[in-house]
Structure formats: structure tokens, C-alpha cells
Amino acid sequence: MNTRKIKLGLTIDLLNNTQCSTCINVVKEKMAKFGKEVGNLIQATIIRISEVNSEIENRTYALQYENCTLNVDLAYNKTNHNQYINGFQLI
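Residues numbered from 1 in each chain as written. Predicted model: local features only at pLDDT ≥ 70, side-chain atom pairs only at ≥ 80, totals over all residues. Heavy atoms only, no water.

Caption draft 1: Geometry of the environment of Asp 73. Checked against the element boundaries, Asp 73 lands in strand β3 (residues 69-77). Sequence separation between Asp 73 and Thr 11 is 62 residues; the distance between their C-alpha atoms is 13 Å. Not counting residues up to four positions away in its chain, the partners in contact with Asp 73 are Arg 59, Thr 60, Tyr 84, Ile 85, Asn 86 and Gly 87. One polar contact links Asp 73 to Thr 60, side chain to side chain, over a distance of 2.8 Å. (Helix = DSSP H or I, 4+ residues; strand = E, 2+ residues; numbered from the N terminus. Contact = heavy atoms within 4.5 Å. Polar contact = N/O pair within 3.5 Å; in protein donor to acceptor, adjacent residues only side chain to side chain.)

Caption draft 2: Representation of the nonpolar core. In this structure, Val 27, Met 31, Val 38, Leu 63, Leu 70 and Val 72 are the most contacted members of the largest nonpolar core, which totals 18 residues. The leading source of residues in this core is helix α2 (residues 23-31), at five residues. Sequence-distant contacts of Leu 63, that is, excluding residues within four places in its chain, are made with Ile 24, Val 27, Lys 28, Leu 41, Gln 43, Ala 44, Cys 68, Thr 69, Leu 70 and Val 72. (Core = buried A, V, L, I, M, F, W, Y, C linked by side-chain atoms within 4.5 Å. Buried < 20%, exposed > 50% of the residue type's maximum accessible area, 1.4 Å probe, protein only.)

Caption draft 3: Spotlight on helix α1 (residues 3-16). With 14 residues, α1 extends 20 Å from end C-alpha to end C-alpha; this agrees with the ideal 20 Å at 1.5 Å per step. Looking at the buried side of α1, the elements it contacts are α2, α3 (35-38), β3 and β4 (83-90). (Expected span 1.5 Å × (residues − 1).)

Caption draft 4: Broad picture of the sheet that holds strand β2 (residues 56-65). Read across the open sheet, the four strands follow the order β1-β2-β3-β4; overall the sheet is antiparallel. Only two strands of the sheet have a single neighbouring strand rather than two, namely β1 (41-51) and β4. In this sheet, neighbouring strand axes are inclined to one another by 20° on average, regardless of whether the strands run parallel or antiparallel. (Pairing = 2+ DSSP bridges. Axes fitted to C-alpha atoms, helices over the stretch in contact; angles between N-to-C directions.)

Caption draft 5: How the structure looks around the side chain of Arg 59. For Arg 59, the location among the structural elements is in strand β2. At 3.4 Å, the side chain of Arg 59 forms a polar contact with the side chain of Tyr 61. When sequence neighbours within four positions are dropped, the list of residues in contact with Arg 59 reads Arg 48, Ile 49, Val 72, Asp 73, Leu 74 and Tyr 76.

Caption draft 6: Local environment of the packing of α1 against α2. The N-to-C vectors of α1 and α2 enclose an angle of 130°; their axes lie 10 Å apart at closest approach. For the element pair α1 / α2, the angle class is oblique. Where α1 crosses over α2, the handedness of that crossing is right-handed. Contact residues: Ile 6, Leu 10, Asp 13 and Leu 14 in α1; Val 26, Val 27, Lys 30 and Met 31 in α2. When the residues that make up the contact of α1 with α2 are grouped by side-chain class, the tally is six nonpolar, no polar and two charged. (Parallel < 35°, antiparallel > 145°, perpendicular 65-115°, else oblique. Left-handed = near helix turned anticlockwise from the far one by under 90°. Nonpolar A, V, L, I, M, F, W, Y, C, P; charged D, E, K, R; others polar.)

So this is what it looks like as C-alpha cells:
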């Protein structure tokens, strides 16, 4: 599995995506392009939620695939339900 190629491809796809109402679904769609390398999605779970203030939460999702796990850090606005990707880590 070429993790460098996957990280670069995912970064470019996310930068080119201007609409991110449900960022985790967008990440799942983009990772489907690398299906041969990462395998099928097994599960997606929230592994951490921490409050920044009364309106914003930091959330970490773990997307577990057959051959790897992708941790995605999001900032989530509870008032207007906007999501912003802070970063990701491919393990």
C-alpha cells in the first residue's frame, strides 16, 4: 500500500472540495478511489469529542478499512452544523 499516494490524493481531493456539509461522507467517497489499496470500509466511529467552547467541538473519527485506519480530526459547529477538517492520519 502506497500511503504517500493515498495521503496526497486525499489532501488534493479535500482541498478541491468547497462544499463539506458532511465531511466524513466526503472522506469516505474520496477514499473509495483507493479501494484496491485500502480495502472495504469496515466501520466509522467517533473516538473522541472535546468541547472548545459552547458552540464548537473537536471530533476525531476513525474510519477502519481492511488494510488501514484513517483518523480524521474535525471542528464541528453545534449551532449551524458546519464541519471543517483539521487534519487526518493514515495508520
